[in-house]
Amino acid sequence: MGDIIALVLPFFGLILIGYISGKLSKHEASALGWLNFFVIYVSLPALFFKLVSRTPLSELTRIDFIAAAMAATYGIFLLVFLIGRLIRGNSIADCTMQALAGAYGNIGYMGPGLALLAFGEAAAVPVALIFCFENAAHFTAAPALMAFAGGEERRPGRVALDVVKKIAYHPFIIATAVGFLAAALSFEPPVALQRLIDYLAQAAAPCALFAMGVTLALRPLKRVPVELGYIVPIKLVLHPLVVYVVLSLAGNFDPLWVYTAVLLASLPTATNVFVIGQQYGVWQERASATILITTLISVLSVSGLLYAIKSGALPPDLFP
């Protein structure tokens, strides 16, 4: 257990430091702009490129792994959507936001840092694959469903074009694609450039987690939405469980890939859910509350999952 505490304490400690800093400082949320820009457009892309470019091309084309992980995540998306629509009678726009809150984990800010700390650099490839394909799916599902709900006033062709641009121009996806190309060509950057990439990559996790903590501090919890009664356990417990079962049924994957996918599925709701809610003017306060509460509870739930993995209590294949 001491090893797990040593692993997660620095990780969640950075979020806590950011949270305390956000509470104590008098800066507005806009003061985070340049730090967020550095994390999203510079540091994390450097990390993705560095790790993907060093991976054999055969490992970067595991369509079976991608399909299984995506099927599990979008099974959760559909479940939460149907609960909101059929049981609670919510609007399609609200159900879309609830489904994102239940299926869209913080795989960008928290995923790379925690997976690499827990499993080493070998976890970089499944992290990059899951991130790229899940984000592409989320970026597609949100505007498509909002357009269907009537919350998207642009013409369908314009919506589709914007979705393609958002996917194609996302810095993480671009960096991963360039990493794929470098791996295919066996390209190695010059020493000076490699050192710069290394420096930038090393800054990714600390800066991202600090920024996340500050962001949580600047979005105070005003009330606990009733939807959290089912979204929180689905996101933090059911989502990783479904990913684990589906990957076990789908094939004999590398244990490290299975554990990485399960870890990413166990992460709290992504801050992008709030951003999407803000974009469409729906479910904003409840999205903020979901992010805060799932992040706080994940300190215990993610620690418990890592303990189960590291202790051998969770086998890499449920159906060997």
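Conventions and cut-offs
- Residues numbered from 1 in each chain as written.
- Predicted model: local features only at pLDDT ≥ 70, side-chain atom pairs only at ≥ 80, totals over all residues.
- Heavy atoms only, no water.
- UniProt positions renumbered as here; feature names shortened; annotations may be inferred.
- Salt bridge = Lys/Arg side-chain N within 4 Å of Asp/Glu carboxyl O.
- Helix = DSSP H or I, 4+ residues; strand = E, 2+ residues; numbered from the N terminus.
- Polar contact = N/O pair within 3.5 Å; in protein donor to acceptor, adjacent residues only side chain to side chain.
- Contact = heavy atoms within 4.5 Å.
- Core = buried A, V, L, I, M, F, W, Y, C linked by side-chain atoms within 4.5 Å.
- Buried < 20%, exposed > 50% of the residue type's maximum accessible area, 1.4 Å probe, protein only.
- Phe/Tyr/Trp six-rings, centres within 6.5 Å; stacked < 30°, edge-to-face > 60°.
- Expected span 1.5 Å × (residues − 1).

An unreviewed UniProt entry lists the protein under the name AEC family transporter, from Ciceribacter sichuanensis. The Subcellular location (unreviewed entry) comment attached to the protein in UniProt states, word for word, "Membrane".

## Comments concerning the pattern of salt bridges
Taken as a whole and judged by the stated rule, the model has six salt bridges. Across the pair Arg88 and Glu227 runs a salt bridge, and its minimum N-O distance is 3.9 Å. Here Glu227 lies in the loop between α10 (204–217) and α11 (228–250) and Arg88 lies in the loop between α3 (63–87) and α4 (92–103), a separation of 139 residues in the sequence. Close ionic contact of Glu227 with Arg286 constitutes a salt bridge, the shortest N to O distance being 2.8 Å.

## Side note on the side chain of Thr96
Mapped onto the elements, Thr96 comes out in helix α4. Polar side-chain contacts of Thr96 include one of 2.8 Å to the backbone oxygen of Ile92. In this view, Thr96 contacts Phe77, Phe81, Ala142, Leu145 and Met146; residues no more than four positions away in its chain are not counted.

## Comments concerning the environment of Leu193
Mapped onto the elements, Leu193 comes out in helix α9 (residues 191–202). Expressed as a C-alpha distance, the spacing of Leu193 and Val258, which sit 65 residues apart in the sequence, is 33 Å.

## Structural notes on the nonpolar core
If you look at the biggest cluster of nonpolar residues, it comprises 99 residues, and the most contacted ones within it are Met97, Leu100, Met110, Phe119, Leu247, Leu263 and Leu306. Among the elements that line this core, the one with the most residues is helix α6 (residues 124–149), at 13 residues. Those residues in contact with Leu306, other than ones at most four positions away along the chain, are Ile4, Leu7, Val8, Leu114, Ala118, Phe119 and Leu263.

## So, the packing of aromatic side chains
Overall, the coordinates contain eight aromatic pairs when judged by the stated rule. A centroid spacing of 5.5 Å and a plane angle of 80° characterise the contact between Phe11 and Phe12, whose relative ring orientation is edge-to-face. Assessed through its relative accessible area of 1%, Phe11 is described here as buried. Between Phe119 and Tyr259 the ring centres are 6.4 Å apart and the planes differ by 20°, which places this aromatic pair in the stacked class. With a gap of 140 residues between them, Phe119 in helix α5 (residues 111–119) and Tyr259 in helix α12 (residues 255–265) connect regions that are remote in the sequence. Note on accessibility: Phe119 and Tyr259 belong to one class, buried. Here the aromatic cluster, defined as three or more aromatic residues joined through ring pairs, consists of Trp34, Phe37 and Tyr41.

## Some words on helix α8 (residues 171–185)
Its 15 residues give α8 an end-to-end C-alpha distance of 21 Å, which sits within 8% of 21 Å, the value for a rise of 1.5 Å per residue. Pro171, Phe172, Ile173, Ala175, Thr176, Gly179, Ala182 and Ala183 are the residues of α8 that are buried. Ser186 occupies a position one or two residues after α8 and carries a positive phi of about 55°.

## Details of the side chain of Ser266
For Ser266, the position within the fold is in the loop between α12 and α13 (272–280). When near neighbours in sequence (up to four residues on either side) are disregarded, Ser266 contacts Lys235, Leu236, Pro240, Val302 and Leu305.

## Details of α4
Taking 1.5 Å per residue as the helical rise, α4 with its twelve residues ought to reach 16 Å, and the 16 Å between its terminal C-alpha atoms agrees with that figure. Counting buried positions along α4 gives twelve out of twelve residues, so the element sits mostly inside the fold. Contact partners of the buried residues in α4: α3, α6, α11, α13 and α14 (284–311).

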